[in-house]
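Here is how the chains run, residue by residue.
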Amino acid sequence: MTPPIVAVIGGGQLARMMAPAATALGITLRVLVESDQASAAESSHEAVVGLPTDPDAIARLLAVPRPDVVTWEHEHIPAEVFEVCEAAGVPARPGLGALRFAQDKIEMRARMDELGLPNPAWRPVATMEDLDGFLAEHGPSVLKTARGGYDGKGVRVVSEASQARDWLESAAGGGPRLLVEAKVPFTRELAAQVARTPSGETRTWPVVESVQRDGVCSEVTAPAPGLSDERAAQARSIAEHVAAALGVTGVLAVELFETEDGLLINELAMRPHNSGHWTIDGAVTSQFEQHLRAVLDLPLGDTSALAPWTVMANVLGGARVNLAGSLADVVDPGAKVHLYAKSVRPGRKVGHVTVTGADARQTYDRAVAAAAIVRDGGAA
């Protein structure tokens with residue numbers, strides 16, 4: 001029997017972390033990497049160098065023996081790629097009909113409203129008058145580019161329209177469309193992840209709490225401390241509803257704001273997500289294995305946690321980072337270190353550390369301390 005081939009577009013750490021799961025399942029992972037120095041270039045079974053905007057690169061990715069399915073490690077996939085996949089008879093999962101809601105925040109917000117799911121107040125804006133009207137009603141708000149923003153990019157907090165004059169002028173000149181959202185007085189950020197197969201089987205993981213610093217995820221705790229059973233069930237239900245209504249295939253992460261009054265949807269990601277890295281060491285089935293299972297329409301794995309608490313701490317690049325030199329200083333035998341083989345620059349995710357334990361506070365402290373050692377030799 002010929003092993004299945006999964007083609008992945010994108011050569012970052014998410015594709016890199018699919019490789020061990022693919023090997024364990026007997027799947028050949030063929031990855032389109034931006035360069036031969038990309039994070040996933042050496043870890044994948046087959047690497048095709050090129051960009052998703054290059055028709056020749058896509059043709060080589062789909063070459064014989066053809067992959068059984070094409071999937072993604074980021075949302076920035078041109079519509080033409082889906083057309084080429086269809087012409088080649090290779091299913092693309094998730095499909096464009098679902099992925100567009102992760103690509104475009106205006107389309108996502110409008111669809112969540114149609115589904116009756118909890119959105120913050122929001123509005124597309126194209127002029128100073130549009131933005132002034134929203135600010136007059138809601139006060140300081142969050143202006144976003146509809147496409148392309150991530151890790152705090154494409155986001156600006158504004159209290160008056162003049163603070164966004166450059167973005168509005170850019171949008172009027174053909175730049176990204178804009179939307180504005182009421183600034184949510186949230187108590188914390190949560191994430192609910194679900195995996196869904198083409199045949200409709202779904203599995204959810206425990207709902208997690210994520211901590212953001214400077215717009216970038218810093219730590220994730222699973223399960224979210226102090227989250228009531230009722231609210232955890234609501235979060236998982238929202239994720240399942242979104243996955244089914246949008247026809248998502250693969251892993252979906254729904255980022256949520258928790259407020260005193262309930263939950264609000266923040267963003268969607270239709271791929272493995274930073275909030276799910278804890279599952280590699282903390283769950284029976286990792287998000288990476290589950291994504292591969294889902295896009296191939298294989299039975300989904302158990303999503304139960306392996307320990308009472310799991311904490312994932314990101315390792316972000318900084319001025320003093322010395323990954324090779326500091327690894328030897330990690331003395332916590334329970335700390336699992338994952339490095340991404342990425343060049344270091346300030347604020348860039350270059351790895352993460354996961355710790356499991358029986359006490360939430362101690363587990364969190366151990367994870368943060370180990371990540372600090374990996375980052376800069378122990379300065380917390």
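(A) Up close: the packing of helix 4 (residues 96–103) against helix 5 (residues 105–114). Put simply, helix 4 and helix 5 touch, their axes get as near as 5 Å, and they point 105° apart. By the criterion of interaxial angle, the relationship of helix 4 to helix 5 is roughly perpendicular. Contacts from R100, F101 and Q103 in helix 4 reach K105, E107, M108 and R111 in helix 5. Of the residues that constitute the contact of helix 4 with helix 5, the class distribution is two nonpolar, one polar and four charged.

(B) Spatial organisation of the pattern of salt bridges. Counted by the stated rule, this structure contains 20 salt bridges. Here R177 makes a salt bridge to D104, at a shortest N to O gap of 2.8 Å. Here R177 is found in the loop between helix 7 (165–172) and strand 8 (178–182), whereas its partner D104 is found in the loop between helix 4 and helix 5, with 73 residues between them in sequence. Overall, the relative accessible area of 45% leaves R177 in the partly exposed class. Judged by its relative accessible area of 3%, D104 falls in the buried class.

(C) A look at helix 10 (residues 287–295). Within helix 10, nine of the nine residues are buried, leaving the element largely enclosed by the surrounding structure. For helix 10, the set of buried residues is Q287, F288, E289, Q290, H291, L292, R293, A294 and V295. One or two residues past the end of helix 10 sits D297, with phi positive at roughly 60°.

(D) Focus on the nonpolar core. Within the largest apolar cluster, 45 residues are counted, with the highest numbers of intra-cluster contacts made by L268 and M270. Here this core takes seven residues from helix 8 (residues 229–246), the largest share from any one element. Contacts of L268, omitting those with residues within four sequence positions, involve E75, F101, A102, M108, M112, V242, L246, L252, A253 and V254. Formed by 22 residues, the second largest nonpolar core is a distinct cluster that contains A15, M17, A21 and A38.

Thresholds, definitions, all that
Sequence order sets the numbering: in each chain, residues are counted from 1 along the sequence as written. A pLDDT threshold of at least 70 governs which residues receive local features in this predicted model, and a stricter bar of 80 or more applies before side-chain atom pairs are shown or counted, although totals over entire chains, interfaces and linings include all residues. With hydrogens and water excluded, all non-hydrogen atoms of the structure serve as input to the side-chain values. What counts as an axis is a line fitted to C-alpha atoms, over the stretch in contact for a helix, and the angles between N-to-C directions run from 0 to 180 degrees. Strands here mean DSSP runs of E at least two residues long; helices mean DSSP runs of H or I at least four residues long; both are numbered from the N terminus. Each angle is binned into one of four classes, with values under 35 degrees roughly parallel, values over 145 roughly antiparallel, values of 65 to 115 roughly perpendicular, and all other values oblique. We call two residues in contact when some of their heavy atoms are within 4.5 Å. For this classification, the nonpolar set comprises Ala, Val, Leu, Ile, Met, Phe, Trp, Tyr, Cys and Pro, the charged set comprises Asp, Glu, Lys and Arg, and every other residue, Gly included, is treated as polar. By salt bridge we mean one thing: a side-chain nitrogen of Lys or Arg within 4 Å of a carboxyl oxygen of Asp or Glu. The classification of residues rests on relative accessible area computed with a 1.4 Å probe and restricted to protein chains. Under 20% of the type maximum is buried, over 50% is exposed, and intermediate values are partly exposed. By nonpolar core is meant a set of buried Ala, Val, Leu, Ile, Met, Phe, Trp, Tyr and Cys residues that side-chain atoms within 4.5 Å join together.

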